[in-house]
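# Structure assessment
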Amino acid sequence: MFTKLEGRIGPSPNVSIRKPFVSAPSAYAAGRTSERFFGVSSSLVLFIAALSFMFAVLASSKPSFGGVDPAVKQSKTVIVKKIAVLPFENLSETPRAVIVINDLVREGLVKMGYTLTVDEMEGFLARRRIRQTNSVTRLVAREMGKTLGVDAVLVGAITAFNTVERGSDAKVGVSMRLVSALDGSIIWADDLAYSGRDFERFLGLGIIKSADKLASVVIGDIVKAMPQELQVNDNGLSPFEAAGVFLTPPKARSGEKVRLKAHVLPIADEPKVVKAVVDGQEVLLTREEGTEFYDGLVIGPLKEGVHAVDLVALDQEMQPFVFKASGKLVINNTPPDVSVAVNKTVFSPQKKGSIVFSPVMRNLSEVEEWRIEIFDNSGKLVRSDNGFGKLPKKLIWRGETNKFRQVDDGDYTYVFTVKDGAGNKTKVKGDLRVKNAPPKIRVDVKMEEDKLSFMFTPSVKGDVIASWKLTIVDDKGNVVGVFNGKGALPGQVAYPVDKSIDLNRLSIIVSATDDAGNSAELKKAIPSVLVVKQTPFARLNGNGRPIYEDF
């Protein structure tokens, strides 16, 4: 029923690209351009330039398709006489080349009998905010045909424009494409480049040293090669074009409602009915009054992936025209796979400590928004931050609130949330502790036979000791013994004592650092912390019987 018509500026099955043969300007120029101009085969370079230019045209087009069976409507022939000439793209290093070439092209086309639009075309480009004029989409070409009343659009590029310099020749190269304003296809194309020495005659006469004069020759030859009458066959072209489909949101989850707005541009007629088709789901679109936009709601398909949005526009005779893949809807039901690494879980802001969060995305989900929140042990939000786009590499929390005040010591919870474009969310949680208070340690000392036993007990629940040190010194400051270690305090440390040592002259220094970096030091004389073991002392009474008394 339907015939797919390519919505790109390229060869059409109904139109042939006529590449005219351009003879060399003289017998001396024949076969010499490649050596003088490029140093390689000019035909190869020109062919590559032509392909590059055509690919630029193709790349600028939007994937829009539309049409009906050619048998439905009679073919007609259009003779191209009125042309819109777009400013040429300047690929040379000479800024003024655009003015020279554009003027020469317009003069040449007028001499050939073509009618040009200049002021109207410039106004059209300004209204459509078109800045790149080296290529046009099918939609723009057809719209220019309707708005400006032209039969074709001429686009081109200046590939070279150099005046004679030391050790070089003048060079001018131009590439042109004539695009049908009826269906957007290329109906004529040509490329031509000359070097000033291509016109050299006997004894070096005839060399063209002026780029302006050489440009006149190039444009004169290329314009003369254009056919006087260019014909385009109209085989059931649609009377309107799909200018675009806009989805809000462009990414959604299965079952969610998505607002679809289609821009259908009338070329020859207004559509009577416009429908959208997504994964077999057909939705009738309502026209917004006074505009060319049609609006409706679609339900996100069950299957994940990219779903093409086709538009079906019916003319006044209810003849359908299909525009394939005018838009796309992405369905994503998979939440982001994200992890968050932290450099520590306990820190002291007063010691200039901080928590460094390092989020990592472990799948290919695109991040739309991320947010980090820190709550105290009562559930109150104390600090938050958020961003859009990609995840931050690192986030640092130095223990401040949203009002830039220091938080109190205590337990906290962080929640890191990531949302993708479809609205899927992932939350990562973890526990933190803020501790500015130094550790507190209780030390007991016992004298047992010939050794001193030191017993440590953390006096604050939850204190985690990272390192500790016990130093025994005499009254002159001399170190008698040292014990130290990493991690938790030992339950007991024993130090052998010689009977000759006077305990009253000894002191201990105990230092400890907790896992937040806070340090504490305790210095005590051993007699002040000595727990004397109660032992019986025996003596005899007058009758020789022992009497036990506590000493």
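Each helix and strand in the chain was counted, giving seven helices and 34 strands. Per-residue burial over the chain gives 45% buried out of 551 residues.

This next bit is on the packing of helix α4 (residues 119–128) against helix α5 (residues 138–148). Contact geometry for α4 and α5: axes closest at 11 Å, N-to-C directions at 130°. Here α5 runs oblique to α4, going by the angle between their axes. In the crossing of α4 with α5, the sense of the turn from one axis to the other is right-handed. For the pair α4 and α5, the contacting residues are Glu120, Met121, Phe124, Arg127 and Arg128 in the first and Val140, Glu143, Met144, Thr147 and Leu148 in the second. For the contact of α4 with α5, a count of residues per class yields five nonpolar, one polar and four charged.

Our next topic: α4. Buried residues of α4: Met121, Phe124 and Leu125, and no others. Around the axis of α4, the buried residues are gathered within 95° of arc, so they sit on the same side. With respect to the buried face of α4, the exposed residues turned more than 90 degrees away are Asp119, Ala126 and Arg127. Contacts made by the buried residues of α4 are with β2 (82–85), α3 (97–111), β4 (115–117) and α5.

Moving on, we get to the sheet that holds strand β31 (residues 519–525). Within a beta sheet, neighbouring strands are joined by backbone hydrogen bonds and run either parallel or antiparallel to one another. One open sheet accounts for four strands, arranged β28-β27-β30-β31; its pairing is antiparallel. With one partner strand each, in any of the chains shown, β28 (479–486) and β31 form the two edges of the open sheet. With direction set aside, neighbouring strand axes in the sheet form an average angle of 10°.

Pairs can form between side chains of opposite charge once their charged atoms are near each other. Per the stated rule, a full pass over the model turns up 21 salt bridges. Between Glu288 and Lys261 there is a salt bridge, and its shortest N-O distance comes to 3.2 Å. Of this pair, Glu288 sits in the loop between β13 (281–287) and β14 (293–299) while Lys261 sits in strand β11 (residues 257–266); the two residues are 27 residues apart in sequence, bridging distant segments of the chain. A relative accessible area of 29% places Lys261 in the partly exposed class. Of the charged contacts, one joins Glu369 and Lys419 as a salt bridge, the two residues approaching to 3.8 Å between their closest N and O atoms. With a gap of 50 residues between them, Glu369 in strand β20 (residues 367–376) and Lys419 in strand β23 (residues 410–420) connect regions that are remote in the sequence. By relative accessible area, which is 21% here, Lys419 ends up partly exposed. What emerges from the salt-bridge pattern is a single network uniting Glu368, Glu369 and Lys419.

Of the strand pairs in this sheet, β20 and strand β21 (residues 381–388) are connected by seven bridges, and their pairing is antiparallel. By the bridge assignment for β21, Glu369 is matched with Phe388. Linking β20 to β21, which pair antiparallel, is a turn of four residues; within it Gly379 sits at a positive phi near 90°.

Applying the stated criterion to the full structure yields nine aromatic pairs. For the pair Tyr194 and Phe199, a centre-to-centre distance of 5.4 Å together with 90° between the ring planes defines the contact as edge-to-face. Taken as a pair, Tyr194 and Phe199 share a single burial class, namely buried. Against the face of Tyr114 rests Lys81, its NZ or CZ located 5.7 Å from the ring centre. Here the guanidinium or amino end of Lys261 rests over the ring plane of Phe293, the centre of that ring lying 5.9 Å away.

Relative to the elements of secondary structure, Lys461 occurs in the loop between β26 (451–458) and β27 (465–474). On the basis of relative accessible area, Lys461 is assigned to the exposed category, the value being 85%. In sequence terms Lys461 and Pro439 are 22 residues apart; their C-alpha atoms lie 9.8 Å from each other.

What follows deals with the environment of Thr417. Tracing the sequence through the fold places Thr417 in strand β23. Its relative accessible area of 11% is what places Thr417 among the buried residues. In this structure the C-alpha to C-alpha distance between Thr417 and Glu373, which are 44 residues apart in sequence, comes to 8.4 Å. Contacts of Thr417, omitting those with residues within four sequence positions, involve Glu369, Trp370, Arg371, Lys425, Thr426 and Lys427.

Helix-helix packing is described using two parameters, namely the angle between the two axes and the distance between the axes. The N-to-C vectors of α3 and helix α6 (residues 211–224) enclose an angle of 40°; their axes lie 9 Å apart at closest approach. You can see that α3 and α6 cross each other, and the crossing is right-handed. Counting all contacts with α3, which are made through Val100, Ile101, Leu104, Val105, Gly108 and Leu109, the residues of α6 involved are Asp212, Ala215, Ser216, Ile219 and Val223. In the contact of α3 with α6, the residues fall into eight nonpolar, two polar and one charged.

So, on to unusual backbone geometry. That bond from Thr248 to Pro249 is cis: its omega, -5°, falls within 30 degrees of zero. Relative to the helices and strands, Pro249 resides in the loop between β9 (240–248) and β10 (251–252). Backbone geometry places Met318, a non-glycine residue, at a positive phi of 65°. Residue placement: Met318 occurs in the loop between β15 (305–314) and β16 (320–331). For Met318, a relative accessible area of 40% translates into the label partly exposed. A positive phi is found at Phe404, a non-glycine position, where the angle reads about 65°. Secondary-structure assignment places Phe404 in the loop between β22 (395–397) and β23. Taking the relative accessible area as the measure of exposure, Phe404 reaches 64% and is therefore exposed.

Right, let's get into the confidence of the model for the chain. Here the chain averages 79 in pLDDT, while 79% of its residues score no lower than 70. For the stretch residues 1–74, pLDDT sits under 50, and the model shows 172 contacts to residues farther than four places along the chain or on other chains. Low pLDDT (under 50) marks residues 533–551, which in the prediction has 17 contacts with non-local residues, meaning those over four places away or in another chain.

On to the pairing of β16, then. Regular strands have side chains that alternate between both faces of the sheet. Burial of β16 is extensive: nine of the twelve residues sit out of reach of the surface. In this sheet, β16 lies alongside β10 in parallel orientation, the contact comprising two bridges. By the bridge assignment, Lys251 is partnered in β16 with Val330. As defined by bridge partners, β15 adjoins β16 across nine bridges and the pair is classed as antiparallel. Bridged to His307 within β16 is Leu329. As consecutive antiparallel partners, β15 and β16 are separated by five residues, and within that stretch Met318 has a phi angle of approximately 65°, a positive value.

Cut-offs and rules
- Residues numbered from 1 in each chain as written.
- Predicted model: local features only at pLDDT ≥ 70, side-chain atom pairs only at ≥ 80, totals over all residues.
- Heavy atoms only, no water.
- Helix = DSSP H or I, 4+ residues; strand = E, 2+ residues; numbered from the N terminus.
- Buried < 20%, exposed > 50% of the residue type's maximum accessible area, 1.4 Å probe, protein only.
- Axes fitted to C-alpha atoms, helices over the stretch in contact; angles between N-to-C directions.
- Parallel < 35°, antiparallel > 145°, perpendicular 65-115°, else oblique.
- Left-handed = near helix turned anticlockwise from the far one by under 90°.
- Contact = heavy atoms within 4.5 Å.
- Nonpolar A, V, L, I, M, F, W, Y, C, P; charged D, E, K, R; others polar.
- Arc of directions from axis to C-beta.
- Pairing = 2+ DSSP bridges.
- Salt bridge = Lys/Arg side-chain N within 4 Å of Asp/Glu carboxyl O.
- Phe/Tyr/Trp six-rings, centres within 6.5 Å; stacked < 30°, edge-to-face > 60°.
- Lys NZ or Arg CZ within 6 Å of the ring centre and 35° of its normal.
- pLDDT = per-residue confidence, 0-100.

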